Amino acid sequence: MKKINRALFIIVTVDVSGWLVTPGLFTIFQKLGFNCKQMFSWGFFSKIFINIALSVKLFIYYSTSSEYRSAINAFIFKKKPMTWSTITRTITVT
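Note that this is a predicted model, so its numbers are computed, not measured. (Residues numbered from 1 in each chain as written. Predicted model: local features only at pLDDT ≥ 70, side-chain atom pairs only at ≥ 80, totals over all residues. Heavy atoms only, no water.)

**Considerations on the UniProt feature "transmembrane region" (unreviewed entry) in the protein chain**
Per the UniProt annotation, the sites labelled "transmembrane region" (unreviewed entry) are residues 7–29 and 41–62. Annotated as residues 7–29, this span is 100% helix and 0% strand, and its ends, taken at the C-alpha atoms, are 33 Å apart. (UniProt positions renumbered as here; feature names shortened; annotations may be inferred. Helix = DSSP H or I, 4+ residues; strand = E, 2+ residues; numbered from the N terminus.)

Structural data, given as structure tokens:
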């Protein structure tokens, strides 16, 4: 459960940061008095942070979860995914 919480915390932090940095940069650029051409150019730059936040999830999943790592390796390298077998013991009480 700790691994899932850690992965979710990292993903949410990266995602929210990407979505907060972009409008923050637009506000800073407006306060600096950039003209329309400069705002257009820097707008492309600032949207990179959203794209990074959206695309980094695969790497976070891969590095924090063995189940996701197994599934990603199975998809990329055409391996069988790792399965977790359970051993059950049956006891008869008379």
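**What about a nonpolar patch on the surface?**
Where nonpolar side chains cluster on the molecular surface, the patch consists of Trp42, Phe45, Ile48 and Ile52 and spans about 360 Å² of accessible area. Among the structural elements, Ile48 can be located in helix 3 (residues 48–55). (Patch = residues over 30% accessible without salt bridge, like charges linked within 9 Å, V, L, I, M, F, W, Y side chains within 5 Å. Areas by Shrake-Rupley, 256 points an atom, 1.4 Å probe, with all protein chains shown as cover. Salt bridge = Lys/Arg side-chain N within 4 Å of Asp/Glu carboxyl O.)

**Quick notes on the pattern of salt bridges**
Under the definition given, this model contains 1 salt bridge. The salt bridge partner of Lys57 is Asp15, with a shortest N-O separation of 3.6 Å. Taken together, the residues Lys57 in helix 4 (residues 57–64) and Asp15 in helix 1 (residues 2–31) connect sequence positions 42 residues apart. The class for Lys57 is partly exposed, based on a relative accessible area of 23%. (Buried < 20%, exposed > 50% of the residue type's maximum accessible area, 1.4 Å probe, protein only.)

**Side note on the side chain of Ser65**
Structurally, Ser65 is set in the loop between helix 4 and helix 5 (66–77). Among the polar contacts made by the side chain of Ser65, one reaches the main-chain amide nitrogen of Glu67 at a distance of 3.4 Å. (Polar contact = N/O pair within 3.5 Å; in protein donor to acceptor, adjacent residues only side chain to side chain.)

**Some thoughts on the environment of Ile60**
Within the element layout of this structure, Ile60 appears in helix 4. For Ile60, a relative accessible area of 8% corresponds to the buried category. Between the alpha carbons of Ile60 and Ile11 there is a distance of 7.1 Å; along the sequence they are 49 residues apart. In this structure, Ile60 is in contact with Ala7, Ile10, Ile11 and Val14, ignoring residues within four places of it in sequence. (Contact = heavy atoms within 4.5 Å.)

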